[in-house]
Amino acid sequence: MKKFGLLLAGGIAAIVLLANLGPIVGLAISLLIMYYSFKGFIKTDSTGKKILWALIGLAAFSATVSNFPAIIGLVALYVLYVIYKNWKKEEVIMEESSSDPFTNFEREWSQLKN
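What this report covers is the structure whose coordinates are included nearby. (Residues numbered from 1 in each chain as written. Predicted model: local features only at pLDDT ≥ 70, side-chain atom pairs only at ≥ 80, totals over all residues. Heavy atoms only, no water.)

**Digging into the overall build of the protein**
For the protein, the helix and strand inventory stands at 5 helices and 0 strands. Traced from its N-terminal end to its C-terminal end, the protein shows the element sequence α-α-α-α-α. Put simply, the protein has 114 residues, and 17% of those count as buried. Put simply, of all contacts in the protein between residues at least 6 apart along the chain, 72% involve residues at least 24 apart. (Helix = DSSP H or I, 4+ residues; strand = E, 2+ residues; numbered from the N terminus. Buried < 20%, exposed > 50% of the residue type's maximum accessible area, 1.4 Å probe, protein only. Contact = heavy atoms within 4.5 Å.)

**Digging into the packing of helix 2 (residues 21–43) against helix 4 (residues 70–88)**
Across the interface, helix 2 lies against helix 4 with an axial gap of 8 Å and an inter-helix angle of 105°. Classified by the angle their axes make, helix 2 and helix 4 are roughly perpendicular. Taken together, the residues of helix 4 that come into contact with helix 2 (itself represented by Pro23, Ile24 and Leu27) are Ala70, Ile71, Gly73 and Leu74. (Axes fitted to C-alpha atoms, helices over the stretch in contact; angles between N-to-C directions. Parallel < 35°, antiparallel > 145°, perpendicular 65-115°, else oblique.)

**Observations regarding the side chain of Ser30**
As for its placement among the helices and strands, Ser30 is situated in helix 2. If we ignore the near neighbours within four places in the chain, the residues touching Ser30 are Ala60, Ala63, Thr64 and Asn67.

**Structural notes on the environment of Ala9**
Locating Ala9 in the fold gives a position in helix 1 (residues 2–19). For the pair Ala9 and Leu80, spaced 71 residues apart in the sequence, the C-alpha separation amounts to 8.2 Å.

**Brief notes about the nonpolar core**
Core analysis: the biggest nonpolar cluster contains 6 residues, these being Ala13, Leu17, Ile24, Leu27, Ala70 and Ala76. Of all elements in the fold, only helix 1, helix 2 and helix 4 reach the threshold of two or more residues within this core. In contact with Leu27, other than residues within four places in its own chain, are Thr64, Asn67, Ala70, Ile71 and Leu74. (Core = buried A, V, L, I, M, F, W, Y, C linked by side-chain atoms within 4.5 Å.)

**Topic: the packing of helix 2 against helix 3 (residues 47–66)**
Packing of helix 2 against helix 3 brings their axes to within 8 Å, and their N-to-C directions diverge by 160°. By the criterion of interaxial angle, the relationship of helix 2 to helix 3 is roughly antiparallel. Of the two possible hands of crossing, helix 2 and helix 3 adopt the one that is left-handed. Taking contact as the criterion, the partners of Leu27, Ser30, Leu31, Ile33, Met34, Tyr36, Ser37, Gly40 and Phe41 in helix 2 are, on helix 3, Lys50, Trp53, Ala54, Ile56, Gly57, Ala60, Phe61, Ala63 and Thr64. Split by residue class, the contact of helix 2 with helix 3 holds 12 nonpolar, 5 polar and 1 charged. (Left-handed = near helix turned anticlockwise from the far one by under 90°. Nonpolar A, V, L, I, M, F, W, Y, C, P; charged D, E, K, R; others polar.)

This is how it looks when you write it as C-alpha cells:
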C-alpha cells in the first residue's frame, strides 16, 4: 500500500513538473541574465553603462517574477526526489533473536512456570 501511495504521489508530481517545465526554463534564463547584468553593473565605471546594465537587470527581474509558477515545478521536482529516495528504502523487519539473553530468560521462565 505504501508503494501505491508513493507511485500516486510521484505521478502527480511528474505531471506538475511537466506542466511547469516552460516556466522553469524561463526562470533559469532570466536568472542567468540577471546574474550577468549584475556582474556587468559591478564591473563598469561608466554611468551610461551602469544605467544600461540596470535596465537589463530590471527587465530580467520582471521576467523572473513573471515565472513564479516555476517555483511549484521546482517543489514537484523535490517531491520526486524524495519519493525516489523512499522508493529505494527497504523496510526493516525486526526478528526475534535467539541469542538475546532476555528473550531466552522469558521463554525459560514461562516453561518453568508450567
